[in-house]
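Survey of secondary and tertiary structure
One letter stands for each residue in the lines below.
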Amino acid sequence: QVQLVESGGGLVQAGGSLRLSCAASGRTFSSYAMGWFRQAPGKEREFVATITWSGGSTYYSNSVKGRFTISRDNAKNTVYLQMNSLKPEDTAVYSCAARQSSSNYVSYTAQYQYSYWGQGTQVTVSS
């Protein structure tokens, strides 16, 4: 079992930056691939980024590639999402997710591929 708690959301102007954190409970965090998803008002939840258990490989959606960076610190049981050059269309509730995986496969982009979810943190980007 893994429990996930996100933090770091808030209100930021367009062009600004935020860093989201997702703290995980449990002693086996390093055996989980992690992902970030987001859901804007009136829209379906969409994939943002994912990272392998080791942090050695990452994968991003086209909409955030080059602006967002996913990383993890297994010693701290935490995964991060550094968001730069934010745009109003990045406004959404951001949630982290975990799935048990000790492989280097990095393309876990679908919601059904994840077993555990956090409650989410609101990110609002003003124009």
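Preceding this section is the structure that the text describes.
Below or above, wherever it landed, is the structure these notes cover. (Residues numbered from 1 in each chain as written. Predicted model: local features only at pLDDT ≥ 70, side-chain atom pairs only at ≥ 80, totals over all residues. Heavy atoms only, no water.)

Focus on the overall build of the protein chain
Looking only at helices and strands, one finds 0 helices and 11 strands in the protein chain. Counting from the amino terminus, the protein chain carries its helices and strands in the arrangement β-β-β-β-β-β-β-β-β-β-β. A compact globule built from 127 residues should have a C-alpha radius of gyration of about 14 Å, and the protein chain, at 13 Å, falls within 12% of that. Taking all 127 residues of the protein chain together, 44% fall into the buried category. Of the contacts made within the protein chain by residues no fewer than 6 positions apart, 61% connect residues no fewer than 24 positions apart. Accessible surface for the protein chain amounts to roughly 6400 Å². Of this, 44% is attributable to carbon and sulfur atoms. (Helix = DSSP H or I, 4+ residues; strand = E, 2+ residues; numbered from the N terminus. Rg over C-alpha atoms; globule rule 2.2 N^0.38 Å. Buried < 20%, exposed > 50% of the residue type's maximum accessible area, 1.4 Å probe, protein only. Contact = heavy atoms within 4.5 Å. Areas by Shrake-Rupley, 256 points an atom, 1.4 Å probe, with all protein chains shown as cover.)

Comments concerning the sheet that holds strand 8 (residues 78-83)
Here 4 strands make up an open sheet; going across it, the order is 1-3-8-7 and the pairing antiparallel. If you trace the sheet from one side to the other, it starts and ends with strand 1 (4-7) and strand 7 (68-73), each paired once. Mean inter-strand twist for the sheet, computed between neighbouring axes without regard to direction, equals 15°. In this sheet, strand 3 (residues 18-24) lies alongside strand 1 in antiparallel orientation, the contact comprising 4 bridges. (Pairing = 2+ DSSP bridges. Axes fitted to C-alpha atoms, helices over the stretch in contact; angles between N-to-C directions.)

Observations concerning the side chain of Thr50
Mapped onto the elements of the fold, Thr50 is located in strand 5 (residues 46-51). Of the polar contacts made by the side chain of Thr50, one reaches the backbone oxygen of Met34; its length is 2.9 Å. (Polar contact = N/O pair within 3.5 Å; in protein donor to acceptor, adjacent residues only side chain to side chain.)

Notes on unusual backbone geometry
A positive phi angle, close to 55°, is found at Asn77, a residue other than glycine. Structurally, Asn77 can be placed in the loop between strand 7 and strand 8. Its identity is not glycine, yet Ser85 carries a phi of approximately 50°, on the positive side. Assignment of secondary structure puts Ser85 in the loop between strand 8 and strand 9 (92-100). For Ser85, a relative accessible area of 41% corresponds to the partly exposed category.

Section: the state of the cysteines
The full count for this structure, using the stated rule, is 1 disulfide. With its sulfur 2.0 Å from that of its partner, Cys22 forms a disulfide with Cys96. When the S-S torsion is 55°, as for the bridge of Cys22 with Cys96, the disulfide is right-handed. Placement of the pair is Cys22 in strand 3 and Cys96 in strand 9, with a sequence separation of 74 residues. For the pair Cys22 and Cys96, one class covers both residues: buried. (Disulfide = S-S within 2.5 Å.)

A short note on the pairing of strand 7
Side chains of strand 7 alternate between two faces, with Phe68, Ile70 and Arg72 buried and Thr69, Ser71 and Asp73 left unburied. Strand direction decides the pairing type here: strand 7 and strand 8, joined by 6 bridges, are antiparallel. Looking across to strand 8, one finds that Arg72 is bridged to Val79.

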